[in-house]
Amino acid sequence: MVSGKVVGYVIGRIFQCLVVIFISTTVVFIIPRMATDMSPIESAISRAMAQGQYTDPRAVEQLRNTLEVAYGLEGTVFDQYIKFWGNILRGDLGPSFSSFPTPVMDLIRNSLPWTVGLLLVTTVLSWVIGNILGGIVGCNRNKRWAKGLEVTINALRPIPYYIMALLLLIVFSYILPLFPSGGAYPIGTVPRRDWSFFADVLKHAFLPGLSLLLVGIGGWFQGMRTLVSHIMGEDYVVYAKLANLNKKDVFSNYIMRNAMLPQITGLALQLGMIFSGTLITEIVFNYPGLGLLSYNAILRSDYNLIMGVTILSIVAVSFGTLIIDLIYPLLDPRIAY
Amino acid sequence: MKKVSCFLAILTVGLLIGTAALAQEEYMPGVSRNELIIIENPDGRATDPDNFNIWAPGSPSWSRGLQQISMDTLWYIDPDEGIEGDPWLNSLAEEPPIYNEDYTEMTVKLRQGIYWSDGVEFTADDVIFTVETLRAHPEMNWGPQFEIYVDEVYKTDDYTVVFKLKEPNSRMHSTFTVRWSGCYIMPKHVFENAEDPVSFKFNPPISLGPYVSESYDPAGYWNLWKRRDDWERTTLGKLYGEPGPKYVLYVGLSQERRILDQMKHELDIIHDLSPEAAISLIEKNPYAITWFEQFPWAHPDPTLIAILLNNEKYPYNIPEVRWALTLSLDVTEIALASYNGAATLSSIAVPPTGNHLTWYFEPLQSWLKDFSINVGGEEFHPYDDTIPFQLAERAKNQFGYDVPTDEDKIKQSLGYGWWKYAPDVAAKLLESQGFTKDSSGRWLLPNGELWQIRIICEAEGRPIMTRGATKIAEQWKKFGIDAEIQGVSTAILWPNYLTPGNYDVAYAWNIETWGGHPDLSFFLRTWHSNFYRKSGDASAGSNYIRYQSEELDKIIENLLKIDFFDYEKTIALGQDFLKLMVEDMPEIPVMSYNVFTICDEYYWTGYPTSDNPYTNPVPNWANSKYMFPKLKPTGK
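Residues numbered from 1 in each chain as written. Chains lettered and ligands numbered in written order. Predicted model: local features only at pLDDT ≥ 70, side-chain atom pairs only at ≥ 80, totals over all residues.

Participant: Help me understand the pairing of strand S3 (residues 36–40) of chain B in this model?
Facilitator: Along any regular strand, the residues point their side chains to alternate faces of the sheet. Residues and elements named next belong to chain B. Most of S3 is tucked away: 5 of the 5 residues are buried. Pairing of S3 with strand S13 (residues 247–251), which is carried by 5 bridges, proceeds in the parallel orientation. Note that in S13 the partner of Glu40 across the bridge is Val251. (Buried ≥ 20, exposed ≤ 12 C-beta atoms within 10 Å, placed from the backbone. Helix = DSSP H or I, 4+ residues; strand = E, 2+ residues; numbered from the N terminus. Pairing = 2+ DSSP bridges.)

Participant: When you look at the interface of chain A and chain B in this model, what are you seeing that I'm missing?
Facilitator: Accessible area lost when the parts come together is the quantity often used to give the size of an interface. Taken together, the contact pairs 54 residues of chain A with 57 residues of chain B. With 9 residues, the top contributor of residues to the side of chain A that touches chain B is helix H3 (residues 57–70) of chain A. Of the residues assigned to the side of chain A that touches chain B, the class counts are 29 nonpolar, 20 polar and 5 charged. (Contact = placed C-beta atoms within 7 Å. Nonpolar A, V, L, I, M, F, W, Y, C, P; charged D, E, K, R; others polar.)

Participant: Even after reading the chapter, I still don't get the nonpolar core, so can you show me in this structure?
Facilitator: Soluble, globular proteins show a tendency: their nonpolar side chains are buried together. Ranked by internal contacts, the top residues of the largest apolar core, which has 261 residues, are Leu249, Ile455 and Ala506 of chain B. The two domains that each donate at least three residues to this core are domain 1 (2–290 + 597–633) and domain 2 (301–424 + 454–595) of chain B. Excluding residues that lie within four positions of it along the chain, Leu249 of chain B makes contacts with Ile187 of chain A together with Leu36, Ile38, Ile39, Trp222 and Leu224 of chain B. (Core = buried A, V, L, I, M, F, W, Y, C linked by C-beta atoms within 7 Å. Domains from an automatic or database assignment.)

Participant: I tried to follow the sheet that holds strand S24 (residues 482–488) of chain B on my own but got confused; where do I start?
Facilitator: Sheets are built from strands that pair by backbone hydrogen bonding, the pairs being arranged parallel or antiparallel. Residue and element names in this part refer to chain B. Taken in spatial order, the 5 strands of this open sheet run S24-S23-S25-S16-S26, and their pairing is mixed. The open sheet has two edge strands with one neighbour each: S24 and strand S26 (587–595). Going across the sheet, the axis of each strand differs from the next one's by a mean of 35°, ignoring polarity. Bridge analysis of strand S23 (residues 452–458) against strand S25 (residues 505–512) gives 3 bridges, and the strand direction is parallel. For Cys457, the partnering residue across the bridge sits in S25 and is Tyr507. Sheet strands in contact with helix H16 (residues 463–479) are strand S16 (299–309), S23, S24 and S25, and its direction is about 170° off that of S23. (Axes fitted to C-alpha atoms, helices over the stretch in contact; angles between N-to-C directions.)

Participant: Whenever I open this one, the domain arrangement of chain B confuses me. Can you help?
Facilitator: Residue and element names in this part refer to chain B. By the assigned domains, chain B splits into domain 1 (2–290 + 597–633) and domain 2 (301–424 + 454–595). Taken over C-alpha atoms, the centre of domain 1 sits 30 Å from the centre of domain 2. Tallying the contact residues gives 19 residues for domain 1 and 21 residues for domain 2. Tallying contributions element by element places helix H8 (residues 275–284) first for the side of domain 1 that touches domain 2, with 3 residues. Of the residues belonging to the side of domain 1 that touches domain 2, the class tally is 8 nonpolar, 5 polar and 6 charged.

Participant: Where do I start with unusual backbone geometry in this structure?
Facilitator: Peptide bonds are mostly trans, and most non-glycine residues show a negative phi. In this structure, Pro204 of chain B follows Asn203 of chain B across a cis peptide bond, with omega equal to 5°. Tracing the backbone shows Pro204 of chain B in the loop between helix H5 (188–191) and strand S11 (211–216). Positioned with a positive phi, Asn286 of chain A is a non-glycine residue whose angle comes to about 50°. Counting through the fold element by element, Asn286 of chain A comes out in the loop between helix H11 (279–284) and helix H12 (290–299).

Put into C-alpha cells, the structure is as follows:
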C-alpha cells in the first residue's frame, strides 16, 4: 500500500520537474533573442547574398519584411512567446528558419535515431565497463596488473577526443582497412529493415562507438576506483573481511552497492545529455546526428531549431533525474519517502 | 608543415598497397569505380536532404550536384576562358538577350529540342511559370527581384519570351546568368501541381541538366547522380558532347577525410584545402592536378580579399590615413603568412583572375607607375611592379618551392604589382593630418588619444583570413599602431558586422566580379549613393565600406546606360572606377581568394588548368558543369 506521503512526494517532484522544464524552456526562448550577434532574418539574407548573385537593394529590403512574417517574428518578444507556448502545447516546434519551411520536428526526427542509437549504447557500455573495471582495480589497487590497467586507462583519458577519433580512423580504416571510413551505412544504400542493413550499421558505428567508449570509460573508471578505495577503508568492510565473509559477497554487496549510488545519478544525467549529440564524432566520422544539426542551427541563428534540440535535452535531463529520484529508495534502503 | 608531410609519407605506402587491390572493385552496388567520379560537396551535410526545391527560401545545399548538373538556366558566364574560348555561354537561351532601345523590354530566344528528364519538352511556358511563381511568392529565392523588375512576362511563340520591365534595366538578364549561381528554370508541369511551391520538396528533382538523381543519403552526406540516357537532349550534351562519367557522387567530408580519401583515389575532386594540407597532398600524390602546375597551384577566384575600411568612421574617412595604412604594409609578408606565398596579389579593386588581367591589369600598368600621391609637398610614386617577383623569391627561400621564373607566368599567377612598403612615407602622411607618436613610439590621434585598430576577420571558418589579418595587425603594430584582430564566426561576420557597418576595419571581401566579363556593375550597382545606408542600417548590397562619391555615381550611371556587350565602353568605365579607387583608396585591395581545388587523375583526366582554362575547376560553382564533357576515363 502506497502511503499518502509517498503520493505527495511523487506529485510534488513531478510538479517540480515541470517547473524546471518551463523555466529552462523560457530561458532557451529568451537567450537567442537577446544575443545581439543573432538574427535569423539577416542570417538568411546573408546566405542568399552569398550565392554570388547581384541582388537589388530594394529586393533585399522586401525580403527582410517578407521573412519577418514568414518566420513568425513579427510583433513583440512577448507576443512571440505566447505564440510559442501555444505551438508547443500542440506539439509544434514551428518551421526551421535555415531549412524553411520544413518543420523542426522533421529535422530532429531525421537525426535523433542515429544520435540515440550511438550514444545510448556507448554511454551505457562505458558506464558498465568503467564501473566494473574501476571497482575491480579499486579492490586490488596494490596488485601489479591493477596498477598496469589503471596506468593504461589514465594514459588514454587525457588524449583529446579529436586526436583519438582521428587516430582510430587512420589506423582501422586507412592503414588496416577493417572498418568503413565514415557514414552510418554504405554510400549507395538507403536505410531498410533487414539484417544485412543492420549489420552494415553496426560495422559503420564501430569506430565512432569505440572512440566514444575509450574516452568515456576513463571518467567512470576513475570515479569508481576512488569511491571503492574510500569504501575499502570503511568499518563495515573491514569488519566483513575480518568476519571472513565470502570475498565476492563483500565486493558486490558491501563495496559496489554503496559505490554505485553516485554513479547511477551520474548515468541519469549523462543519458539526458545524449540528446545534445556529439559534434566532433559526427564531423570526424561523417556520422549523422543532432550535434551537427544544433551547431548549424546556432551558426544560422535558427531559433526554432536551437529550441527544438535544447528542449529535447531539457526534457530528457529533467525526466532522467526525476526517475532516478523516484527509484532511489529501491537502490538505497537508507532513503525512504 | 613537416608533421603533415611526415604523416602523409607514412600513409602513402600503406594506402598505395590497399589501392592497387581495390582499384577494379565496384564502389557501390551496380556502380564500378571507373564510371564514377567522386566530388567533394563543401556544404557538408544537408540538414534537410529530402528537399530539392532550390527556389524555396531554406533550400539546403545547392552544391550537392543540384545546381551543377541537374539545373539549367538561360546563360552562364565562365570566370575563366569558357569551354569554346568565350566566357559568355548561351545555355537554355539560343542567343544573348535582346533589349529594346530604352531597356524596358527584354526578349529571350530559347533553344529548341531541350527536354526535362521526364520527357517533357522545355518551352517558354517554363520560363514564364518560373517568373510568375517566384513573383507571387516573394519569400522564395529571386522572388523579390522579379516583383520589383517585371511588369509582365509573356511568349510570342513556344521559344520566345518577352519581359516587360517596370523600369529601364540594361542588366535584367543577370538574374538568369550564372556566376556561381543564378535563377534556375522551374518545370512548369511539376510545380503547377504542387499545392504550395514554397513547401514543395521537388523530390525526386526533374532535371534539365545531363544527370538525374539516382539516390541520396537520407542523413544528408551524399548524393548520387546518373547520366541521363537522353543526355543529348540537354544543353550541355547538345552543345559539347557526352558527359564523361556515367555516375557522379557528391559527398561532404572533413578536411582529414578529404586528404585520406584522395590518397586512396576515393575522392576525385577536393573543393579546397588549407595551403599546408594542399601542398603536402600535391607533393605526395603523383596524380594530383592543380590549376597552376607549380607554385602557387591554387585557382584565383573572382573574389577580392581586401582590408575593408569603414569610410564613415574617423579616422578612416581621411584619404591620407587610408594611404598611410596601405604604405605601412609589406604585402609579401601577408601573402607568406596566409597562403605560404601562394597568393595572387592585386593593387586595384578587382580580383586578378581570368580576363581581368587583359582588361584591367595590363592596360593600367603605365597609369599605376605614373600615379603619385602628394607627401609633404613632394610627389611619391607608390606602385611597385617588382613585388610579385620578390614574393616568388621569398617563397622559394622560405619554403623551398619550385617557383616560376618566367615573367609572364609570375604576373599571371602572383599578380602584377602592389604598393611599396614605405613606413617613412606613411608616417609623413599621418603627421600631415596631426597624428603624433608617444614616448613608446605608438601613434596617437590628433586629439592625443591612443589610436587603436581592431581588425574583424573570420575565425574558425577560414584560417587563411585569420592568418592574413594577424599579419596585418602585426605589421601595423610594428609601425606603431595599437592593432589587434577579432576573429568571428563566418556565419555572423557579414550579417552582424559588415552589413550593418558595425566595424572600423575588417579583413574580408566585398568585391566579386563576373570574372569572365568586364562589366563591374555586377557588384557596383549597389554602391550608387541612391542606395547608401549609414552604419547602423543594413548596407545595400556590398557597399559595406560606406563609400560614396559623385564621380562613382556617374561611373555607375554610365555603366548601366551602355549595352552589356559593348566591351570597349564597359572596360573604359571599369578602368575609371579602378583609378578612382586607387586615388581615394577607400579599401585596401590585397589578393584574390585562391582556392586549392585538387583533382586526382587516377580515374579521370581532362580537368581544367591554367594551360587549358576552359572553366572553373572549383566544384561547387554551377559553372563547373562544363567540366563534364571534357572528362575522360583513364582506363583504370
